[in-house]
Structure formats: structure tokens, C-alpha cells
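# Architecture and fold: a report
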Amino acid sequence: MKGRRGKTADNAYETNSDLTIQNQDSCSNDTNLSTNSSTSQKLKNPISMNESKIRNYLKELQSHVKNCQKEREKNEPNLNNINKIHDKLKSDKITPFYRKKLKTMYTNCIKESQNEISVLRQALDCINQIRYTQNEIRLMQHNKKQILTKNLNENSTDFMPKAGMRRGVLMSILQQAALTLPLWIGEIGQLAPPLCGSVPPESNYICKPGDKVAAKVNSNTSMSKKSNELNNKKKNKNTEEAVEEEEENWILAEVICFNSSSGKYEVEDVDCEEGNEKYLLGKRRIVPLPHWRANPLTDPNAIFPKESFVLALYPQTTCFYRGIVSESPQTPQEDYLILFEDNTYPDGYSPPLNVPQLYVVADKELKK
């Protein structure tokens, strides 16, 4: 019996040891599974994926900047040699020998410069991709916030006001957006594309979500007041005859979406202290803002000429008003000088005010 009991005890010990090892392996597998699961969930998260894209673009941008510096250093000796030969020949005539030598050196310099330009364009493409991806992240965060707010409002009977952005912060953001508007740099002889400076969009162009636009609105087109209007119409059938048409204004707005079936945009006012103000507007009430800043030195056709009638964002506001171009920018960094229509002045126009290229668009007359 002892022998059998001892053997049973040994078997029991071995069995418990196997179970312990299996449990440890199971825990280890569970840990690995949970780690892999969290990693996969993080990768599947669109915001995390876009943030990962931005990190990759930044690494690529750093590589392009380094390559650009290498190309510049590689071409610098050729430029110095060309300058030395020209300094040497200031008082003498260019002989056939030096003419041939200079021609060869200029050819090499042009080739090296083209390589540098190619690397710079790749760097600019990376910057544009980063800006586009950042905008996608902002839209995703905005939609996520909207869904969360909607769920909170559905589960609560209390009114929850939305916190508006401070005006000083908003004006700073708008100014920064104008300063960082990408400068269009085309090939030699290439015309500026649509939405570069004053160049209008194509006739079939559809604004993308997140695009900034000038939108002509009134209170009747506000989605937040739609339910109130329906209630008022039920109470008074003659509301449309009794209520006069309210004043319309051009405001700075952001595109939320475009409904292809109705042909209307849903836009959101960028400046609403009491929360988000949304509007449903037809295409004729929307003017997209430029996507690129035009260089007056290389693309004068993409700049509004002097005395052009335009819609421009009045300084320190989010409203567009009709005006006349007093002076066009002469360099990519300069602003327009706009004379705004203003009846408070004797001649009907304000003094010339600076407005960046981003916030100057063609005056769009609406047919009623």
C-alpha cells in the first residue's frame, strides 16, 4: 500500500506540475493575445494610423532636406568656378576657349540644379501630405466629438451648451492659416492650376470635407432653426408672408459634406460662440478658398489685378464683404490692399486694408 500510495502521490505531483506549466503557458498566451489584440486595435484606429503616417512623412521629409543640402553643396563649387571666370574676364574679351568652358560648366550647373529642384518638390509633396493627413485627423476627432455629444444629449434632459473658442485664439488660427498657405511652384511655362490665387475652380469641382469656403447664409438656412420654423408654420400658416427676408451675409465656413442627390453642401460656421451653426446651401452660395498661394513674379495671371471687384474677409472678423483691389501683392509674402464698401465713409469705401491671398475670392453675384 505504501508503494502504491507513494506512486500515486508522485503521479499527482507530476500531474499538478503539468497543470501548473499549462496554466503558465495559458497565461503567457493570454498575455500575448491581449498585447497583440491591443496592438491590432491601435493599428485599426484611423486616428492612430494617420498619426503613424505623419511620423513616416516626417522621416521622409527629413531625408529629402538632407539630400537637398547635399545637392546644393555638390553644385556650389561649379557656381564658384563660374563666378571666378567671369571676374577674370571682366576686362578681357571671352575667348573661344573660355566660351566653351563656360558652356560646359553652365550645363553641369543646370543639371545639378534640376536635381536639387526635384528633391525640393519631393519635400513639398511630403509637407502637403502632412497637412492633408492632419486635416483628416482633425475631421475624425471632430466627428468623434459630435457623436459623443449627441449620445450625451440623448441620455440627458439638461441643456448642455458647447464651449465656444475665444475670439483671440480664432483670429490667431486664421492668420496662421493664411501664412502657411502652400506657395504654388510650377514648372517653367506651366500655368497656375485651379484654386491657385485668383484662378477659379473647375465647373464640376466639389469641395471636400474640411475645406474652408465663403458661404452666403441667412438665418432661414440654418439647420439649428429648422425645427423652430416648422413649429412656427404650424401655429401661423401665413408666416412666410408675415416675416420679411432676413439679411444675407458671406461668412467663413467649413465644409462638412456634399449631398450629390440634393446638390447641396452642409457647412459649419467657423465662428459661433454658442456652439456649431450649420447650414444647407446650394453650390451657387459657396465659393471655395484658394488651395495655393500665387507668386506674382512667376504667375501674375493668378493675382487679382488692381481695381478688381472681390469678396474679402474684413480684418479681425469672419465675414466677407465686397471691395475693390487697391493694390495687388508684388511678392508671395505681400497681402492685397482692399477698399471695402462702407457707407460710413464720404466716398463709400474704407481706407485700404491688408487682406491675405487666402481670404480674397472673386465676387460672386447670385441670381434670385
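All figures in this text were calculated on a predicted structure; none of them were measured in a lab. (Residues numbered from 1 in each chain as written. Predicted model: local features only at pLDDT ≥ 70, side-chain atom pairs only at ≥ 80, totals over all residues. Heavy atoms only, no water.)

### A word on the overall build of the chain
A tally of helices and strands in the chain yields six helices and 10 strands. Taken across its 368 residues, the chain has 30% of its residues classed as buried. Counting only contacts in the chain whose residues sit at least 6 apart along the sequence, the fraction spanning at least 24 positions is 65%. A total accessible area of about 25200 Å² is found for the chain, and carbon and sulfur atoms account for 53% of it. (Helix = DSSP H or I, 4+ residues; strand = E, 2+ residues; numbered from the N terminus. Buried < 20%, exposed > 50% of the residue type's maximum accessible area, 1.4 Å probe, protein only. Contact = heavy atoms within 4.5 Å. Areas by Shrake-Rupley, 256 points an atom, 1.4 Å probe, with all protein chains shown as cover.)

### What to know about the nonpolar core
Among the nonpolar cores identified, the biggest contains 32 residues, and Phe320, Ile338 and Tyr359 are the most heavily contacted of them. Sorting the residues of this core by element identifies helix H4 (167–179), strand S2 (249–259), strand S6 (309–313), strand S7 (319–327), strand S8 (336–340) and strand S10 (360–362) as the ones contributing at least two each. Residue contacts for Phe320: discarding those within four places in its chain leaves Ala214, Trp250, Ile251, Leu252, Leu289, Leu311, Ala312, Leu313 and Tyr359. In terms of nonpolar packing, the next biggest core, distinct from the first, is built from 15 residues, Val213, Ala215, Ile251 and Tyr265 among them. (Core = buried A, V, L, I, M, F, W, Y, C linked by side-chain atoms within 4.5 Å.)

### Some remarks on the pattern of salt bridges
A complete count under the given rule lists 10 salt bridges for this structure. The closest approach of N and O atoms between Glu187 and Arg121, which form a salt bridge, is 3.5 Å. Placement of the pair is Glu187 in the loop between H4 and strand S1 (212–217) and Arg121 in helix H3 (residues 96–154), with a sequence separation of 66 residues. Glu248 serves as the salt-bridge partner of Lys216, at 3.7 Å between the closest nitrogen and oxygen. Of this pair, Lys216 sits in strand S1 while Glu248 is found in the loop between helix H6 (239–242) and S2, placing the two residues 32 residues apart along the sequence. We classify Lys216 as buried; its relative accessible area is 15%. One continuous salt-bridge network, built from bridges that share partners, spans Lys216, Glu248 and Arg285. (Salt bridge = Lys/Arg side-chain N within 4 Å of Asp/Glu carboxyl O.)

### As for helix H2 (residues 46–88)
Think of an α-helix as 3.6 residues a turn; residues three or four steps apart then line up on the same face. Between its terminal C-alpha atoms H2 stretches 62 Å, which fits the 63 Å expected from 43 residues at 1.5 Å a residue. Most pronounced at Asn75, the bend in H2 amounts to some 30 degrees, and the proline Pro77 follows within four residues. Taken together, the buried positions of H2 are occupied by Ile47, Ser48, Asn50, Ile54, Leu61, His64, Cys68, Glu71, Asn75, Ile82 and Ile85. Where H2 begins, the capping side chain belongs to Asn45, and its oxygen is found 3.2 Å from the backbone nitrogen of Ile47. (Expected span 1.5 Å × (residues − 1). Bend = angle between axes of the 7 residues up to and from the residue. Polar contact = N/O pair within 3.5 Å; in protein donor to acceptor, adjacent residues only side chain to side chain.)

### Brief notes about unusual backbone geometry
For Leu195, which is not a glycine, the phi torsion comes out positive at approximately 65 degrees. Position of Leu195 relative to the elements: it lies in the loop between H4 and S1. Phi angles above zero are rare outside glycine, and Glu307 is one such case at about 70 degrees. When you line up the elements, Glu307 lands in the loop between strand S5 (286–288) and S6. What makes Glu307 exposed here is its relative accessible area of 60%.

### What about the packing of aromatic side chains?
Within the structure shown, the criterion is met by six aromatic pairs. Between Phe304 and Tyr336 the ring centres are 6.1 Å apart and the planes differ by 55 degrees, which places this aromatic pair in the tilted class. Here the residue Phe304 occupies a position in the loop between S5 and S6, and Tyr336 occupies one in strand S8, the gap between them amounting to 32 residues. Summarising the aromatic geometry, the rings of Tyr314 and Tyr321 are spaced 6.1 Å apart at their centres and angled 85 degrees between planes, so their arrangement reads as edge-to-face. Each residue in the set Tyr314, Tyr321 and Phe340 is aromatic and connected to the rest through ring pairs, giving one cluster. (Phe/Tyr/Trp six-rings, centres within 6.5 Å; stacked < 30°, edge-to-face > 60°.)

### Describing the pairing of strand S4 (residues 278–282)
Going residue by residue along S4, you find Tyr279 and Leu281 tucked away on one face and Lys278, Leu280 and Gly282 left uncovered on the opposite face. In this structure, strand S3 (residues 264–269) lies alongside S4, joined through five bridges in antiparallel fashion. The residue of S4 that forms the bridge with Glu268 is Lys278. (Pairing = 2+ DSSP bridges.)

### Examining the environment of Leu89
With respect to the helices and strands, Leu89 occurs in the loop between H2 and H3. Given a relative accessible area of 12%, Leu89 falls into the buried group.

### Quick word on the confidence of the model for the chain
Mean pLDDT over the chain stands at 79; residues scoring 70 or higher make up 71%. This stretch, residues 1–17, has a pLDDT under 50; its non-local contacts, to residues over four places away or in other chains, come to zero contacts. Counting contacts from residues 155–163, a segment whose pLDDT is below 50, to residues more than four positions away or on other chains yields eight contacts. (pLDDT = per-residue confidence, 0-100.)

### Remarks on the side chain of Asp211
Mapping Asp211 onto the fold places it in the loop between H4 and S1. No salt bridge forms around the buried Asp211; measuring N to O, its nearest opposite-charge neighbour Lys208 is 5.5 Å away. Reaching out from Asp211, the side chain makes a polar contact with the backbone nitrogen of Lys208 at a distance of 2.9 Å. (Lys, Arg positive; Asp, Glu negative; His and termini not counted.)

### Overview of the pairing of S6
In terms of residue burial, S6 counts as a mostly covered element, since four of its five residues are buried. Here five bridges tie S6 to S7, and the two strands are oriented antiparallel to one another. Paired with Ala312 across the strands is Tyr321, a residue of S7. Joining the antiparallel neighbours S6 and S7 is a turn of five residues, in which Gln316 adopts a positive phi near 65 degrees.

### Points about a nonpolar patch on the surface
Together, Leu124, Ile127 and Ile185 give the surface a local cluster of nonpolar side chains, amounting to about 220 Å² of exposed area. The topology assignment puts Leu124 in helix H3. The exposure class assigned to Leu124 is partly exposed, which follows from its relative accessible area of 34%. (Patch = residues over 30% accessible without salt bridge, like charges linked within 9 Å, V, L, I, M, F, W, Y side chains within 5 Å.)

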